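# Structural overview
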Amino acid sequence: MRLAEHQYRSVSAIRGPLLFLERVFAARLGELVRIETPDGRSLTGEVLKISAGQVLIQVFGGTQGLDTRHTTVSFSDAVMQAPLGDGVLGRIFDGSFRPLDDLPMFIPEFRMPVIGAPINPVARTHPVEFIETGFSTIDGLNTLVKGQKLPIFTCAGLPAREITDQLLRQARLPDGGPFALVFVALGLTHFEYQFYRQTLEHMQNRFVAFINLADDPVVERLLAPRLALTVAEDLAFRQEMDVLVIITDMTNYCDALREISTAREELPGRRGYPGHMYSDLASLYERAGRIHGRKGSVTLLPTVTMPEDDITHPIPDLTGYITEGQIVLSRELQQKGIYPPVDVLPSLSRLMQHGIGKGQTRKDHRDLANRLYRAYAKGCDLRRLEAVVGRDGMLADDRQLLDFSTRFEADFVHQGKQRRNIDETLDIAQALLDEFREVAR
Amino acid sequence: MNGQVTSISGATVCVDLADLKIGDRVLVGSNRLTGEVVRLDGRIATVQVFEENRGLGIGEAVTSAKGPLTVHLGPGLLGGIFDGLQRPLSLLLEGSGDFIASGQDPFPLDCTRTWTFSSERQAGDQIRVGETFGKVKEGHIDHLLLSPHAGVLEQLYTGKLQLEHPAAMLAGGQPLHGWHSWPVRKARPYRQKLQPAAPLITGQRCLDFLFPLLKGGVAIVPGGFGTGKTVLEQTIAKFADVDVVVYVGCGERGNEMAGLLDEFGELEDPRSKRPLMERTIVVANTSNMPVAARESSIFTAVTMAEYYRDMGLDVLFLADSLSRWAEALREISAALEEMPGEDGYPTYLGSRLSGFIERAGVVKTLSAGQGSLSMILAVSPPGADFAEPVTQACLRVAGALYMLDTQLAHRRHFPAINWTQSFSLYSDTALAHFTERHAEWAKLQAHCRDLLQREDALREVAEVVGMEGLQDGDRLLMRTAEKIRLDFLCQNSFTDDAYTSPESTIEHFAALIDEHDRLAAALDGGALLDDLLKEAADAPR
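Residues numbered from 1 in each chain as written. Chains lettered and ligands numbered in written order. Predicted model: local features only at pLDDT ≥ 70, side-chain atom pairs only at ≥ 80, totals over all residues.

Looking only at helices and strands, chain B features 14 helices and 28 strands. Relative to the compact-globule value of 24 Å for 541 residues, chain B shows a C-alpha radius of gyration of 27 Å, a close match. Structurally, chain B occupies a C-alpha span of about 90 × 55 × 40 Å along its principal axes. Buried residues in chain B amount to 50% of all 541 residues. A separation threshold of at least 6 residues defines the contact pool for chain B, and within that pool the share at least 24 residues apart is 68%. (Helix = DSSP H or I, 4+ residues; strand = E, 2+ residues; numbered from the N terminus. Rg over C-alpha atoms; globule rule 2.2 N^0.38 Å. Buried ≥ 20, exposed ≤ 12 C-beta atoms within 10 Å, placed from the backbone. Contact = placed C-beta atoms within 7 Å.)

Here's what the structure looks like:
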């Protein structure tokens, strides 16, 4: 603990969002600093690196208007913390926790560091409880459970926004316990913001939103999800709520990470993304979970837009290695007019096994899901054959499987804007399998 | 002697402290964070800190632990769950609650637990380094106490033993405890390395039948995400016919570790009928735990594995995943501003990796027994592209490759082991053993490969002319191959099917071939395939 506040006017260089400060007497890694610009603005920053009297600071907010002569930096002797308390519910903030909804800032009950400590693996309990999203393809075939992290892999031009919006409106617990949504938008356009804003207005006190707009400072894109997850952990593990965190879009997050990394002159990895991106993403995704003896949970649904529709691009690739499955949207289904265009074949929920069946969803769930998946996979394989030899050259059973696949897409995958509960989803599955009982065993 | 922190860049910290050696453990800052010296430059030492060091300030005190990073070896490791620095996670839980705080350093072994110590040695016996001076019963195994010192036994305190008290005394007053410490990065010595000879039964039909592993052998399991690496590793951890399993979750998911711990706590070891956890050591350094500790975790784990090998036991080491270890190495190397090699990995990746993998093998131990250490290592190639440096570096030293295929996984064919690209260099040796169990093993194995290969070729034809256009003989072959794939090679890890003994494996396969041969003979006799299949379907089972 330092007795006096340290102030410096020894800025030697400013490079992108980074600021270099000379002859610093004492500084801590990750220490929060306040920066006064010559024109009287106040910004915050964080200490990234300290060497021989020189300190490297990452500035949250734009560095426009900063100079090397008049800019003042004061050290706070504390790491960055998020304000927490009941007042956070129902509010919209920007990427630095400033209110965006024209209401005054709430009065924090206490503060916690935004860089969360890792959950002790032996304190975790295995996720098993079902969360109903209202989408048949997710609830029926790729079931989401409390404490899971399940990303949505989308491509430019696919209706990820509509799906996210519906998730915000529709997601709920089957037993209706205390439930909150934390919505994090990174690099959102104003057009999209207006769209989501209408949804948020209808949600009353069930949500907290952190909005970083496309023209907001890039560094805040790295901060916003950490603030949001700190809030989510507090809601879950102190206030005992089940919290669903929706982050859109992680591609913007990773691009911001690359931008800062380049400014720091770090060695670029695949496609210019930094080599520590896996660990960085894990520090966000791994904050999802459940803890022994505590009621709440943090569940994570990040959206990832795959650049060039490429699932092997570093962003979806590293995400897939950390998360427990993925929901993949398909351009082909979108062109067939199917909504939501979820391609169930590459989609997967790794934690589904324990979250379905008697006591969770319905006794016949597992069997129905397996049969649907098997028959549809076979049908899709046969489509290639059909393209070569034509329908007439195929065995009767194979022709039936082709019909099944078409009907599966039209009846089960396609549901328009309608919400389906788990019973409705499984009833549709049952009806479809009954109709094709000869081939869909 | 005290020094101080001079610069901080992430987990890489420079300290001003004299008389340090490379590899020395130091305690950094007022929280006494554990670090390891990785570079020396005059008085300034570069230290890799193993714990979250946010909040660490310039000028904070640094002390030397006067020795390298070590693990503590003794009875009570089995059933333990540790982090990458061998700190028991249950003690961290007591220390800092559900979230791990930095700066804790609990002793990994339980010093208050009472063991029954017995010995066949007597006062006056000459003891060499690494020799047994007694044993305790740890679960189902005889835990041999190995002497870290040489000398003449003066006294043995048999009977009730607690680790804080000496178990024996050497002439000259050197006490022998039930435990000793060993440097993490130094392979434990042995008398002689032997050729692996005995098969390691995994209970996976595809592996035991087509790509067998030997005790003391090394297999790597590369696969993109969603191809089932973790499930395969965990299934093998449950059923493999070894005495001790060391499982390292290196930079992987926390929920997966929770699942494993829950499950292993409940399941029973099919061989000893005792809880599975009693033969297992888990090292869990999940992806959000500090990167440097992830790098050290596989060394911590393999040293514990070697310790049990030195008691003459068969030990299986499973790591999930080695790529995360390599990435940790890359992050550390980048922070040290070393010249990067391929894909940004340091150029010493290959040598570091082979040094690690060579710690596997069958050995004649210093106490004259024979023990084995086998490894099954998962690799997570970026974009499922196997040309990347980690997979390639592993391939140079591994004896078996179990390649997991994204296409098979999408079809829910699990385990998604690609049968054309996987291989086992241990096959010939293993076959010598398996042929004793079933004389036809080698012939059937060749037959299986042949059928699967011909199916591939036929499928291409079928895609052009349709199944209708194939001859009956070819259609029969397609049908048999499909049965082999779906009934035999696919194996459900979540049901009773998860384990198959080699006897049942070979019977199962022989039955499939018998049926094929019978139908083929009938076709030769002029019968039509559709009639034969209809007959088979109508026949009562």
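Continuing now.
This brings us to the overall build of chain A. Helix and strand content of chain A: 12 helices and 21 strands. Against the globule reference of 22 Å for 441 residues, chain A gives a C-alpha radius of gyration of 24 Å, in line with a compact fold. Counting across all 441 residues of chain A, residues that qualify as buried make up 52%. Residue pairs at least 24 apart in sequence account for 73% of intrachain contacts in chain A once pairs closer than 6 positions are excluded.

What follows covers the nonpolar core. In terms of nonpolar packing, the biggest core is built from 285 residues, with Val182, Val184 and Val245 of chain A together with Val246 and Phe317 of chain B touching the most fellow members. Counting residues per element, this core draws most heavily on helix α4 (residues 219–237) of chain A, at 12 residues. When sequence neighbours within four positions are dropped, the list of residues in contact with valine 184 of chain A reads Phe210, Ala224, Pro225, Ala228, Val245, Ile246 and Ile247 of chain A. (Core = buried A, V, L, I, M, F, W, Y, C linked by C-beta atoms within 7 Å.)

Let us now look at the sheet that holds strand β14 (residues 159–162) of chain B. Residues and elements named next belong to chain B. Judged by pairing direction, the sheet is antiparallel, and its 4 strands sit side by side in the order β12-β11-β9-β14 without closing on themselves. Two strands bound the open sheet, and with one partner strand each, they are β12 (141–146) and β14. When the angles between neighbouring strand axes are averaged without regard to direction, this sheet yields 45 degrees. Sheet topology places strand β11 (residues 132–138) next to β12; 6 bridges connect them, and they run antiparallel. Residue pairing for β12: glutamate 138 is matched across the bridge by isoleucine 141. (Pairing = 2+ DSSP bridges. Axes fitted to C-alpha atoms, helices over the stretch in contact; angles between N-to-C directions.)

Our focus in this paragraph is the interface of chain B and chain A. In this complex, chain B contributes 57 residues to the contact, which on the side of chain A involves 57 residues. For the side of chain B that touches chain A, the element with the highest residue contribution is helix α4 (residues 254–266) of chain B, accounting for 7 residues. Tallied by class, the residues present in the side of chain B that touches chain A amount to 25 nonpolar, 20 polar and 12 charged. With 3 bridges joining them, strand β5 (residues 42–51) of chain A and strand β1 (residues 2–9) of chain B adopt antiparallel strand pairing. Each residue of the ladder has a partner; that of lysine 49 of chain A, found in β1 of chain B, is serine 9 of chain B. (Nonpolar A, V, L, I, M, F, W, Y, C, P; charged D, E, K, R; others polar.)

In the segment running from tyrosine 339 of chain A into proline 340 of chain A, the intervening peptide bond is cis, with an omega of -10 degrees. Tracing the sequence through the fold places proline 340 of chain A in the loop between α8 (331–335) and β21 (342–349). Despite not being glycine, aspartate 77 of chain A shows a phi value in the positive range, around 65 degrees. Tracing the chain through its elements places aspartate 77 of chain A in strand β7 (residues 72–79). Although it is not a glycine, alanine 368 of chain B sits at a positive phi angle of roughly 70 degrees. With respect to the element layout, alanine 368 of chain B can be found in the loop between β25 (361–364) and β26 (370–379).

Our focus in this paragraph is the packing of helix α6 (residues 277–285) of chain A against helix α7 (residues 314–322) of chain A. Residues and elements named next belong to chain A. At a minimum axis separation of 10 Å, α6 and α7 run at an interaxial angle of 55 degrees. As judged from the angle between their axes, α6 and α7 are oblique. In this structure, α6 meets α7 at a crossing whose hand is right-handed. Residue-level contacts link Met277, Tyr278, Leu281, Ala282 and Tyr285 of α6 to Pro314, Leu318, Thr319 and Ile322 of α7. In the contact of α6 with α7, the residues fall into 8 nonpolar, 1 polar and no charged. (Parallel < 35°, antiparallel > 145°, perpendicular 65-115°, else oblique. Left-handed = near helix turned anticlockwise from the far one by under 90°.)

A word on α4 of chain B. Across its 13 residues, α4 of chain B extends 19 Å between first and last C-alpha, which sits within 8% of the 18 Å expected from 1.5 Å per residue. Residues of α4 of chain B that are buried: Gly254, Asn255, Glu256, Met257, Ala258, Gly259, Leu260, Leu261 and Phe264 of chain B. Elements that come into contact with the buried residues of α4 of chain B comprise β11 (124–125) and β18 (289–291) of chain A together with β8 (81–82), α3 (229–239), β22 (244–250) and β23 (280–285) of chain B. (Expected span 1.5 Å × (residues − 1).)

All names here are of chain B. Look at helix α12 (residues 472–489): 24 Å from first C-alpha to last across 18 residues, which is about the 26 Å you get at 1.5 Å a residue. If you check which residues of α12 are buried, you get Leu476, Leu477, Thr480, Ala481, Ile484 and Leu489. Relative to the axis of α12, the buried residues are bounded by an arc of 135 degrees and lie together on one face. Away from its buried face, by an angle of more than 90 degrees, α12 presents the exposed residues Glu482 and Leu486. (Arc of directions from axis to C-beta.)

Moving on: the confidence of the model for chain B. Mean pLDDT over chain B works out to 92, with 99% of the residues at or above the 70 mark. Our summary of model confidence lists the complex with pTM equal to 0.93 and ipTM equal to 0.89. (pLDDT = per-residue confidence, 0-100.)

This part is about the sheet that holds strand β16 (residues 175–176) of chain B. All names here are of chain B. One open sheet holds the 4 strands; their spatial order is β10-β13-β15-β16, and the pairing between them is antiparallel. Single-partner strands in this sheet number two, and they are β10 (126–127) and β16. With 3 bridges joining them, strand β13 (residues 151–156) and strand β15 (residues 168–170) adopt antiparallel strand pairing. Bridging across to β15, leucine 156 finds its partner in alanine 168.

Residue and element names in this part refer to chain B. Counting through the fold element by element, alanine 510 comes out in helix α13 (residues 502–524). With 15 C-beta atoms counted inside 10 Å, the residue alanine 510 sits in the partly exposed group. Note: C-alpha distance between alanine 510 and proline 88 (422 residues apart in sequence) is 48 Å. Once residues within four sequence positions are removed from consideration, alanine 510 is found in contact with Glu440 and Leu444.

All right, on to the environment of leucine 284 of chain A then. Residue and element names in this part refer to chain A. Within the element layout of this structure, leucine 284 appears in helix α6. Using a count of 24 C-beta atoms within 10 Å as the deciding quantity, one classes leucine 284 as buried. Measuring from C-alpha to C-alpha, the distance between leucine 284 and leucine 229 comes to 7.7 Å, with 55 residues separating the pair along the chain.

Before going further, it helps to examine the environment of glutamate 31 of chain A. Residue and element names in this part refer to chain A. The residue glutamate 31 is located in strand β4 (residues 31–36) in this model. For the pair glutamate 31 and glycine 45, spaced 14 residues apart in sequence, the C-alpha to C-alpha distance is 8.3 Å. Excluding anything up to four places from it in sequence, glutamate 31 contacts Val47, Phe75, Ser76, Asp77, Ala78 and Val79.

Residues and elements named next belong to chain B. Of all the 6 residues making up strand β5 (residues 44–49), 5 are buried; the element is thus mostly covered by neighbouring parts of the structure. Note that strand β2 (residues 12–16) and β5 share 5 bridges and pair antiparallel. Bridge pairing in β5 places threonine 12 opposite glutamine 48. Bridge count for strand β4 (residues 33–41) against β5 is 6 bridges, and the pairing is antiparallel. Following the sheet pairing, valine 37 is matched in β5 by valine 47. Adjacent in sequence and paired antiparallel, β4 and β5 are bridged by 2 residues, among which glycine 42 carries a positive phi angle near 65 degrees.

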